[in-house]
Amino acid sequence: MSQWSKVTLAEGLRVSPVGLGAAFFGTKLSEADSLAQLDRYAEAGNLIDTARVYGDWEPGARGRSESIIGRWLASRGNRDRVVISTKGAHPRLERMDAPRVSPEDIRSDLELSLRALGTDYIDLYFLHRDDPARPVGEILECLEALRRAGSLRWYGCSNWRLPRIIEAREYALAHGLSGFVCNQLMWSLAVPDPRRIADKTLVGMDAETYAFHRQTGMAAMAYMSIAGGYFAHLAKGNLREEARLRYDLPINAENYKKLSALSAECGVTPGDLSLLYFASSPFPAVALASFSRTEQLEQCLALLLNRPDVPFDLQRLRPDLYP
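Being a predicted model, the structure only gives us computed values, none of them experimental.

**Q** How would you sum up the overall build of the protein chain? Please name residues and give values.
**A** For the protein chain, the helix and strand inventory stands at 11 helices and 12 strands. Since a compact globule built from 323 residues should have a radius of gyration of about 20 Å, the 19 Å found for the protein chain is in line with a globular shape. Considered along the principal axes of its C-alpha atoms, the protein chain spans approximately 55 × 45 × 40 Å. Across the 323 residues that make up the protein chain, the buried fraction comes to 54%. Of all intrachain contacts in the protein chain linking residues separated by at least 6 positions in sequence, the fraction that spans at least 24 positions is 78%. When the accessible surface of the protein chain is totalled, it reaches about 14,200 Å², and 51% of it is carbon and sulfur. For the protein chain, the distance from the average site of its 39 positive side-chain charges to the average site of its 40 negative ones is 1 Å.

Structure representation (C-alpha cells):
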C-alpha cells in the first residue's frame, strides 16, 4: 500500500485526488450531516467542491450549500487548510435556455459566493456554463481582472464544449493571461446512455476532449465520477432501476466483468476501482464524489489515504477514450 499523493492542477494548486462534492448539502443532507461529512473528510482530504446554484432546486434559502460550508469554515477556523472550488454563471433554473456569462453575471455570482462562504477569495472558480455567443476574450478578461484583484486564485470551466475551451486557451496564450487551469465535466468509468441524461447542457468526456487533455496536460475534474456508485451497487446486487437504465450499455456490462475479476485478484472492490480509474489518468485528474451515507465516505477516506496496487491499466477500460 502506498500513500496516495495530491494532484497538481496548476503551479501552487495541489489537491486531493478525490474531492468532496457538496451538491446535496442542505437538501438531501441536513446541515448537521453535512458538517459531519466536512469534518470527517477534512481529516484526509483538502478539496471541497460546491456551486452557487447548489440547493436552489428546492424552495427556501438560496446558495445553501455554500452557506453551510461558510459556517463550517468560520466555526473550524481552517480556511487556509482547504481548497474551495465553487462555480458561478449558471442559468436561472427556470430559464436554462438563457445564458448568464456576462461580466456582470460573473462578478455578481462571485460576490454572492464570497459572502456565503465567508471568505475573501475562492481558490478555484469555475464558470458553470458557457455562452457561445459571447466573445471568449470578454469572459477571460473579466476572470483575469478578478484574479488580479485577489477575489479568486485560479479559474476554470465547467460544461464547456471543446472548441470553446481551445478558443479560450489560444486567447489566454496570445494575451498573456493565466487562462483556464481545469475543466470540470461529466466523466466516469461507467459510460452513461446519452438518451438518459435529462439536462442536455451537461458536457461529458469524449475522445476528442480526452486527447486534448493528454496533449496539453490541462487538468480535468470529474463530476458524477462514480456514476452514483453504479459498479459498487451492481456488485452488492442493490442497483436502482434509474441507474440500471442510465448505464445499461454493453461496455458497462463488459467492464463489470473485468472489474469483478480484478477485484478478486487484488482485493479492491469494484467501486474503489472506479475511483482509482482517475488516478491512472495520463493527465492530472480529480474525482468528485458525494456521499449519502457515512460508510460510503469512510470507504473513500480509506482509499484516499492508501492507494492499492492494481495490476492493470484501468484507462484501458474506456477504449472509446483511450485507444
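More follows now that the structure is in view.
**Q** Hey, could you go over the sheet that holds strand β10 (residues 219-223) for me, with residue numbers and the actual values?
**A** With parallel pairing, eight strands are arranged side by side around a closed barrel as β4-β5-β6-β7-β8-β9-β10-β11. For this sheet, the mean angle separating the axes of adjacent strands, direction not counted, is 30°. Across three bridges, the pairing between strand β8 (residues 152-158) and strand β9 (residues 180-186) is parallel. In the strand pairing of β9, Cys157 is matched with Asn183.

**Q** Can you explain the state of the cysteines? Please cite residues and give values.
**A** On inspection of all chains with the given rule, the structure shows zero disulfides. Of all cysteine sulfurs, the one in Cys157 lies closest to Cys182, which takes part in no disulfide; the gap is 7.9 Å. Looking at Cys182, the relative accessible area reads 0%, which means it is buried. This cysteine, Cys300, is not joined by any disulfide, and Cys266 carries the nearest cysteine sulfur, 17 Å off. By relative accessible area, Cys300 is classed as buried at 4%.

**Q** Got a sec to walk through a nonpolar patch on the surface? Specific residues and values, please.
**A** Together, Phe24, Trp57 and Leu93 make up an exposed nonpolar region whose accessible area comes to about 260 Å². Topologically, Phe24 is positioned in the loop between β4 (18-21) and α1 (31-41).

**Q** Give me the lowdown on the side chain of Ser113, citing residues and values where you can.
**A** If you trace the backbone, Ser113 turns up in helix α3 (residues 103-117). You can call Ser113 buried: its relative accessible area is 0%.

**Q** An account of the packing of aromatic side chains is needed here, citing residue identities and associated values.
**A** Applying the stated criterion across every chain, the model contains 12 aromatic pairs. A ring pair is formed by Trp187 and Tyr277, whose centres lie 5.8 Å apart and whose planes are at 75°; its orientation type is edge-to-face. Of the two residues, Trp187 is situated in the loop between β9 and α6 (207-216) and Tyr277 in helix α10 (residues 270-279); the sequence distance between them amounts to 90 residues. In this pair, the class of Trp187 matches that of Tyr277, namely buried. For the ring pair Tyr230 and Phe231, a centre distance of 5.1 Å and an interplane angle of 70° mean the geometry is edge-to-face. The pair formed by Tyr230 and Phe231 is uniform in burial state, with each residue classed as buried. Taken together through their ring pairs, the aromatic side chains of Trp187, Tyr210, Tyr277, Phe278, Phe283 and Tyr322 make up a single cluster. Taking the ring centre of Phe24 as reference, the NZ or CZ of Lys28 above it sits at 4.4 Å. The ring of Tyr121 is capped by Arg153, whose NZ or CZ atom sits 3.9 Å from the centre of that ring.

Reading the values: the criteria
- Residues numbered from 1 in each chain as written.
- Predicted model: local features only at pLDDT ≥ 70, side-chain atom pairs only at ≥ 80, totals over all residues.
- Heavy atoms only, no water.
- Helix = DSSP H or I, 4+ residues; strand = E, 2+ residues; numbered from the N terminus.
- Rg over C-alpha atoms; globule rule 2.2 N^0.38 Å.
- Buried < 20%, exposed > 50% of the residue type's maximum accessible area, 1.4 Å probe, protein only.
- Contact = heavy atoms within 4.5 Å.
- Areas by Shrake-Rupley, 256 points an atom, 1.4 Å probe, with all protein chains shown as cover.
- Lys, Arg positive; Asp, Glu negative; His and termini not counted.
- Charge placed at Lys NZ, Arg CZ, Asp CG, Glu CD.
- Pairing = 2+ DSSP bridges.
- Axes fitted to C-alpha atoms, helices over the stretch in contact; angles between N-to-C directions.
- Disulfide = S-S within 2.5 Å.
- Patch = residues over 30% accessible without salt bridge, like charges linked within 9 Å, V, L, I, M, F, W, Y side chains within 5 Å.
- Salt bridge = Lys/Arg side-chain N within 4 Å of Asp/Glu carboxyl O.
- Phe/Tyr/Trp six-rings, centres within 6.5 Å; stacked < 30°, edge-to-face > 60°.
- Lys NZ or Arg CZ within 6 Å of the ring centre and 35° of its normal.

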